[in-house]
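Residue-level structure breakdown
Each chain, letter by letter, is given below.
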Amino acid sequence: MLLVDDSEAMLNALTRVFKFFEEYVTHTAIDAHSALEILGSERIDLIITDQNMPKISGTELLNTVRTLYPEVMRIMLTGNTDIETAKQAINSGQIMRFFTKPFDEFELLIAVRYAYEQRKLLNENTNLRKVIENQKTLLDKLEDIHPGITKINLSDDGAYVIE
């Protein structure tokens, strides 16, 4: 996971939470530019970013992440409770959760666990789709070699009947 915040103290606190409770592998970045460098060089499944950062906001960062790395799950933290900020972050960055500071550590841990489970399910779905596509390709080749082989029906007694 990648933690992005312009506050070293917040990055240290988040890192402690995730290592103490779940032992997630965490990377940290002090700004959006550093975060994008890490995303370009490391396999990141989840990004948690602060909204209020110098130069590039969390919303802008997550929007870029959504475009460049759509498979990365996105969570935002902010000290700002402005509803418009939340709406903008959700709509443009397509984030999965939005937390205001101070946040409940347990709630954040649950959200992170849910994000990893969702990522795992999406990966499994992608892999299963590949298996199905490969099987369809094989069946198409078999049908080319042996026309009618894929047209198998069950008889009334449950036996396979090739037409």
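Let us look at the structure shown here. Numbering of residues starts from 1 in each chain and follows the order in which that chain's sequence is written. Only residues with pLDDT of 70 or above have their local features reported here, since the model is predicted, and side-chain atom pairs are shown and tallied only from 80 upward, although totals for entire chains, interfaces and linings are computed over all residues. Each side-chain value is worked out from all heavy atoms of the structure, with water and hydrogens disregarded.

1. Let's talk about the overall build of the protein chain
Helix and strand counts for the protein chain come out as five helices and seven strands. Elements are defined by DSSP. Helices are runs of H or I of four residues or more, strands are runs of E of two residues or more, and each kind is numbered from the N terminus. Order of helices (α) and strands (β) in the protein chain, N terminus to C terminus: β-α-β-α-β-α-β-α-β-α-β-β. Only C-alpha atoms enter the radius of gyration, while the globule expectation follows 2.2 Å times N to the 0.38, with N the number of residues. Taken against the 2.2 N^0.38 rule, which gives 15 Å for 163 residues, the C-alpha radius of gyration of the protein chain at 23 Å runs more than 25% over that of a compact globule. Along the first, second and third principal axes, the C-alpha set of the protein chain runs to 70 × 30 × 30 Å. Going through the 163 residues of the protein chain one by one, you find that 34% of them count as buried. In this analysis, two residues are considered to be in contact whenever any of their non-hydrogen atoms come within 4.5 Å of each other. Contacts spanning at least 24 positions in sequence make up 56% of the contacts within the protein chain whose residues lie at least 6 apart. As displayed, the protein chain offers around 10300 Å² of accessible surface, 54% of which is attributable to carbon and sulfur atoms. Positive and negative side-chain charges of the protein chain, numbering 17 and 26 respectively, have mean locations separated by a distance of 2 Å. We call a residue buried when its accessible area falls under 20% of the maximum for its residue type, exposed when it is over 50%, and partly exposed in between, using a 1.4 Å probe and counting protein chains only. Areas reported here follow the Shrake-Rupley algorithm with a probe of radius 1.4 Å; residue values treat only the protein chains shown as occluding. His is not counted here, nor are the chain ends, while Lys and Arg score as positive and Asp and Glu score as negative. One atom stands in for each charge, and that atom is NZ of Lys, CZ of Arg, CG of Asp or CD of Glu.

2. Remarks on the pairing of strand β3 (residues 46-50)
Summarising burial for β3: five of the five residues are buried, a large majority. Inspection of the sheet shows β3 paired to strand β4 (residues 73-78) by five bridges, in the parallel sense. Looking across to β4, one finds that D50 is bridged to L77. Throughout, right-handed denotes a crossover for which the path from the first strand over the helix to the second runs clockwise when the strands point away from the viewer. For the crossover that starts at β3, traverses helix α3 (residues 58-68) and ends in the parallel β4, the hand is right-handed. Should DSSP find at least two bridges between two strands, the strands are regarded as paired.

3. Some details on the nonpolar core
Buried Ala, Val, Leu, Ile, Met, Phe, Trp, Tyr and Cys residues form a nonpolar core when they are joined through side-chain atoms within 4.5 Å. Residues F18, I48, L108 and V112 are the most contacted members of the largest nonpolar core, which totals 20 residues. Of all the secondary structure elements, the ones that give two or more residues to this core are α1 (8-21), β3, β4 and α5 (105-145). If near-sequence neighbours (up to four positions away) are discounted, L108 is found in contact with L14, F18, I48, I75, L77, F99 and F103. Within the second largest apolar cluster, 17 residues are counted, among which are A35, I44, M76 and F98.

4. Digging into the sheet that holds strand β5 (residues 97-100)
Spatially, β2-β1-β3-β4-β5 is the arrangement adopted by the five strands of the open sheet, whose pairing is parallel. The open sheet has two free edges, formed respectively by β2 (27-29) and β5, since each of these has just one partner strand. This sheet shows a mean twist of 15° between the axes of neighbouring strands, independent of strand direction. With three bridges connecting them, strand β1 (residues 2-4) and β2 associate as parallel partners. Its bridge partner lying in β2, L2 is registered against H27. Lines fitted to C-alpha atoms define the axes here, with helix axes fitted over just the stretch in contact, and angles between the N-to-C directions of these axes take values from 0 to 180 degrees. Contacts from α1 reach β1, β2, β3 and β4 within the one sheet, and its direction differs from that of β1 by about 155°. Contacting β3, β4 and β5, α5 runs over the sheet at an angle of about 165° to β4.

5. Section: a nonpolar patch on the surface
Grouping into patches uses exposed residues only, defined as over 30% relative accessible area, and leaves out salt-bridged ones; the cut-off is 9 Å for like charges and 5 Å for nonpolar side chains (Val, Leu, Ile, Met, Phe, Trp, Tyr). Criterion for a salt bridge: a side-chain nitrogen of Lys or Arg within 4 Å of a carboxyl oxygen of Asp or Glu. On the surface, L139, L142 and I149 cluster together to form a nonpolar patch covering roughly 230 Å² of accessible area. Relative to the assigned elements, I149 resides in the loop between α5 and β6 (152-154). On the basis of relative accessibility, which here comes to 31%, the residue I149 falls in the partly exposed class.

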